[in-house]
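# Descriptive structure summary
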Amino acid sequence: MTPAWTTPELTALGRLPMHSVSHPDRFSLDGRWHFQLLSRPEDWPGPDWGEAQVPGLWTMAGTRDLPHYTNVQMPFAGRPPDIPDANPTGVYEREFELPAGWDGRRVVLHVGAAESVLIVELNGREIGVGKDSHLASEFDLTAHLRPGSNTLRLTVVKWSDATYIEDQDQWWHGGISRSVFLYATGQVYLADVRVTAGLADDLTTGTLELTVGVGFPTGGLQPGWTVEARIDGVDQSLRADVQSTDPRGLEGWTQDDQRLLYRAAPGLPMSPEEAARWSTVYRRMAPPLDGLVTWRIELPEIERWSAEQPRLYPLRVVLRTPAGEIAQEATFRIGFRRVEIRGLDLLINDRRVFIRGVNRHDFDQHTGRVISVESMRADLVQMNQFGFNAVRTSHYPNDPVFLDLTDEIGLYVIDEADIESH
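Reading the values: the criteria
- Residues numbered from 1 in each chain as written.
- Predicted model: local features only at pLDDT ≥ 70, side-chain atom pairs only at ≥ 80, totals over all residues.
- Heavy atoms only, no water.
- Pairing = 2+ DSSP bridges.
- Helix = DSSP H or I, 4+ residues; strand = E, 2+ residues; numbered from the N terminus.
- Patch = residues over 30% accessible without salt bridge, like charges linked within 9 Å, V, L, I, M, F, W, Y side chains within 5 Å.
- Areas by Shrake-Rupley, 256 points an atom, 1.4 Å probe, with all protein chains shown as cover.
- Salt bridge = Lys/Arg side-chain N within 4 Å of Asp/Glu carboxyl O.
- Buried < 20%, exposed > 50% of the residue type's maximum accessible area, 1.4 Å probe, protein only.
- Phe/Tyr/Trp six-rings, centres within 6.5 Å; stacked < 30°, edge-to-face > 60°.
- Lys NZ or Arg CZ within 6 Å of the ring centre and 35° of its normal.
- Polar contact = N/O pair within 3.5 Å; in protein donor to acceptor, adjacent residues only side chain to side chain.

Strands sit in the order β5-β15-β9 across an open sheet of three strands; the sheet is antiparallel. Lying at the two open borders of the sheet, with one neighbouring strand each, are β5 (56–57) and β9 (114–115). By the bridge criterion, two bridges tie β9 to strand β15 (residues 175–176) in an arrangement that is antiparallel. Looking at β15, one finds that E115 is bridged to G175.

Here is the structure:
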């Protein structure tokens, strides 16, 4: 089998879809881990373990592998997807026991970021792979946990085929740069929440597009689960049942249904009777997406968000059981704004904006890419004090906390993807 670090078509294995939901019921794994730095990912750890801080970079911890700066040229010779034989690889290991009260719950591992390939093992079994130096990787551990002590191993490979498309003007590092933790949910849970908050033409009516995804076991979802949403300071509240596809939806499919499908698909003419029957057949063929609830509404008398006046509204999303109990809830801070490009002008809330921006790296002179929330806030407050109104996340996604802070402090963001290949 081709190793993950030289397989460009493999971007992840066993990695859960990314989402925007925070989980306060969490167990932090930050702190001191057992650690070995190997010369190559094919090497096996020996009996002698040192220690390393998580989050932390071995390139900033006095190891033989030091930070390496390049701009246009790659940090090693070769052609994609070849990587050097000398490929520093960090192996992190620690024991943990699940918190009391987590029995029977869904347990997920969250690794905030690792540079550049992450391989996760639990109790000697490989769980999955994440390949991206600046985005989180999550893995469902539920089926692989055992009572009592569990052994978690995170292997981080520094150079990979992904390195060729992460070739930014930067210092290269190796290690785990953001927090690691476990979180627990019920077997039915908020899987994702997507919010688009805008303004209507009158600039006082808010427009809200809200999509809530609910995850549930493969056996299906019991009827009666509901999702509620409410914005603080707004009278209108939202409530909807969570739909689950009935696998029996296509039972009783007939040849007449098939013929009707063959007429409808290319747009052939149909009689009124056929059109009416096609409507029924179509609804059977296209049931609601599993666990997805969507609203599109307008809200009068909304205060606008801008860099000068960063007005945020708390949005509370609640998942309720069939008995009406709260199974999970999440709160988001959202701002209503209108963004347009008209001719050569960028308009925010129908006013031309002059961008005064700063390029920013995740960088600390002592810890490299490991940045505290306090440090992020200090950077943004200083930008704001000096009259800047925008920040560019050069050259990769920042911690989601960073975006929350720009919403709060009042800065426009150019949020870059981790893609740069010279």
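Having seen the structure, we can now continue with the description.
A surface patch of nonpolar side chains, amounting to about 330 Å² of accessible area, comprises Y69, W171 and F363. Tracing the backbone through its elements, the reader meets W171 in strand β14 (residues 170–172). Classification of W171 as partly exposed rests on a relative accessible area of 40%.

With that settled, the discussion passes to the packing of aromatic side chains. One pass over the full model with this rule turns up 10 aromatic pairs. On the basis of an interplanar angle of 55° and a centroid distance of 5.9 Å, the ring pair of W278 and Y282 is categorised as tilted. Of this pair, W278 and Y282 are both found in helix α2 (residues 272–285), four residues apart, which corresponds to roughly one turn of the helix. Exposure remark for Y282: the relative accessible area of 47% places this residue in the partly exposed category. Linked through ring pairs, F76, W159, Y164 and W172 together constitute an aromatic cluster. A cation over an aromatic ring shows up here: R106 above the ring of Y189, its NZ or CZ 3.6 Å from the ring centre.

Following the criterion strictly, the structure yields 28 salt bridges and no others. The closest approach of N and O atoms between D161 and K131, which form a salt bridge, is 3.0 Å. Here the residue D161 occupies a position in the loop between β13 (150–157) and β14, and K131 occupies one in strand β11 (residues 125–131), the gap between them amounting to 30 residues. For D161, a relative accessible area of 9% puts it in the buried group. A relative accessible area of 8% places K131 in the buried class. Here the salt bridges do not stand alone but share partners, grouping D201, R338, E340, R342 and D350 into one network.

We now examine unusual backbone geometry. Only a minority of non-glycine residues have a phi that is not negative, and only a minority of peptide bonds are not trans. Note that the residue after V54, namely P55, is joined by a cis bond; omega there is -5°. Within the secondary structure layout, P55 lies in the loop between β4 (50–54) and β5. Look at N123: it is not a glycine, yet its phi comes out positive at around 55°. Here N123 is to be found in the loop between β10 (117–122) and β11. Here the phi dihedral of N349 falls at roughly 55°; this positive angle occurs in a residue that is not glycine. Mapped onto the secondary structure, N349 falls in the loop between β25 (345–348) and β26 (351–352).

Let us now look at the side chain of R178. Following the sequence through the fold, R178 ends up in the loop between β15 and β16 (180–185). In terms of polar contacts, R178 uses its side chain to reach the backbone carbonyl oxygen of H134, at 3.1 Å. Within the structure, R178 has its side chain in polar contact with the backbone oxygen of P397 (distance 3.2 Å).

Okay, the pairing of strand β24 (residues 339–342) next. Pairing geometry for β24 and β25, over four bridges, is antiparallel. Paired with E340 across the bridge in β25 is L347. Linkage of β24 to β25, two consecutive antiparallel strands, is achieved through a turn of two residues, within which G343 is found at a positive phi near 65°.

Of all six residues in β16, six are buried; the element is thus mostly enclosed. Here β16 shows two buried faces, one formed by V180, L182 and A184 and the other by F181, Y183 and T185. Pairing analysis gives three bridges linking strand β2 (residues 26–28) to β16, with the strands arranged antiparallel. Within β16, the residue paired with R26 across the bridge is Y183. Two elements, strand β8 (residues 106–111) and β16, share six bridges in a ladder whose sense is antiparallel. Residue pairing in the sheet places R106 in a bridge with T185 of β16.

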